[in-house]
Amino acid sequence: MTSPVPSAPPAPAAHLAQLNVATLRFPLDDPRMAPFVEMLDPVNAAADGTPGFVWRLVGEGTPDATGLRPAGEDVIVNLSVWENQEALWDFTYRSGHLEVMRRRRDWFARHVEAHLVLWWVPAGHVPTVAESLERLADLRAHGPSPRAFTFTSSYTAAEAAPHLQAAPRD
């Protein structure tokens with residue numbers, strides 16, 4: 001009789017966090033930004049209703065995060081958490097969000113450095129803005145790794161398991 005082979009401990013449940021930063025070409029109240037501003041509510045509502053969506057950053061008392069400027073006065077941030085990479089990909093590239101992506105050069109400056117970072121967080125963890133900016137800085141300084149990556153250079157939650165410790169809340 002053989003004894004059972006010990007199995008590896010299960011990987012912790014993880015969700016995918018994403019931070020996207022965009023440098024405004026014009027102030028949000030400039031008429032040239034009106035088409036973008038008009039898309040905010042419908043696109044955010046679509047994200048909220050997308051299968052796999054978990055959470056997104058909003059300013060206090062506002063429906064979005066455009067008033068928050070933690071990365072600079074002319075930089076807006078989008079921070080969200082998803083159940084998996086496929087859910088985020090589907091929302092980003094297979095929904096009404098794609099129209100925003102197609103027109104982004106009308107409203108945002110071209111970034112020389114990485115402007116999008118993905119990383120795995122323990123399920124139930126809400127990433128802080130500081131944590132998110134640190135992940136973006138890590139990606140910019142060291143390139144893709146299980147700690148900070150992109151859609152084109154992604155890592156699985158299992159590969160990122162050593163990096164899943166939740167950061168303390170601000």
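Just so it is clear, the structure is predicted and the values come from calculations on it, not from any experiment.

1. Looking at the packing of aromatic side chains
Part 1 of the reasoning: For the coordinates displayed, the defined rule picks out 9 aromatic pairs.
Part 2 of the reasoning: For the pair Trp89 and Tyr93, a centre-to-centre distance of 4.3 Å together with 45° between the ring planes defines the contact as tilted. Here Tyr93 and Trp89 lie together in helix H2 (residues 85–93), a separation of 4 residues that amounts to about one turn.
Part 3 of the reasoning: Joined through ring pairs, the aromatic side chains of Phe36, Trp107 and Phe108 make up one cluster.

2. Regarding helix H1 (residues 34–48)
Side chains that are three or four residues apart share a direction in an α-helix, a result of its 3.6 residues per turn.
Part 1 of the reasoning: Helix length check: H1, at 15 residues, gives a terminal C-alpha distance of 22 Å against a target of 21 Å (1.5 Å per residue), a fit within 8%.
Part 2 of the reasoning: At Leu40, H1 is deflected by roughly 35°, the largest bend along its length, and proline Pro42 occurs up to four residues later in sequence.
Part 3 of the reasoning: Inspection of H1 places Phe36, Met39, Leu40, Val43, Asn44 and Ala47 among the buried residues, and these make up the whole buried set.

3. Notes on the layout of surface pockets
Part 1 of the reasoning: Looking at the largest pocket, its volume works out to about 860 Å³.
Part 2 of the reasoning: Asn20, Asn78, His97, Val100 and Met101 are the residues nearest the centre of the largest pocket, which is lined by 39 residues in total.
Part 3 of the reasoning: Elements with a minimum of two residues in the lining of the largest pocket: strand S1 (14–23), H1, strand S2 (53–56), strand S3 (75–82), H2 and helix H3 (97–107).
Part 4 of the reasoning: Looking at side-chain class alone, the lining of the largest pocket contains 23 nonpolar, 10 polar and 6 charged residues.

4. Structural notes on the environment of Glu113
Part 1 of the reasoning: By the secondary structure assignment, Glu113 is in the loop between H3 and strand S4 (116–122).
Part 2 of the reasoning: Given the relative accessible area of 48%, Glu113 is considered partly exposed.

5. Some remarks on the side chain of Thr66
Part 1 of the reasoning: Along the chain, the position of Thr66 falls in the loop between S2 and S3.
Part 2 of the reasoning: A relative accessible area of 12% means that Thr66 is categorised as buried.
Part 3 of the reasoning: Within the local environment of Thr66, its side chain forms a polar contact with the side chain of Asp64, the two groups lying 2.7 Å apart.
Part 4 of the reasoning: The residues contacting Thr66, other than those within four sequence positions of it, are Leu28, Leu40 and Ile76.

Definitions and cut-offs
- Residues numbered from 1 in each chain as written.
- Predicted model: local features only at pLDDT ≥ 70, side-chain atom pairs only at ≥ 80, totals over all residues.
- Heavy atoms only, no water.
- Phe/Tyr/Trp six-rings, centres within 6.5 Å; stacked < 30°, edge-to-face > 60°.
- Helix = DSSP H or I, 4+ residues; strand = E, 2+ residues; numbered from the N terminus.
- Expected span 1.5 Å × (residues − 1).
- Bend = angle between axes of the 7 residues up to and from the residue.
- Buried < 20%, exposed > 50% of the residue type's maximum accessible area, 1.4 Å probe, protein only.
- 1 Å grid on protein atoms, 1.4 Å probe; cavity = no way out; pocket = protein on both sides within 12 Å on 5 of 7 lines; lining within 4 Å.
- Points joined across faces, edges and corners; volume = space filled by probe spheres on them.
- Nonpolar A, V, L, I, M, F, W, Y, C, P; charged D, E, K, R; others polar.
- Polar contact = N/O pair within 3.5 Å; in protein donor to acceptor, adjacent residues only side chain to side chain.
- Contact = heavy atoms within 4.5 Å.

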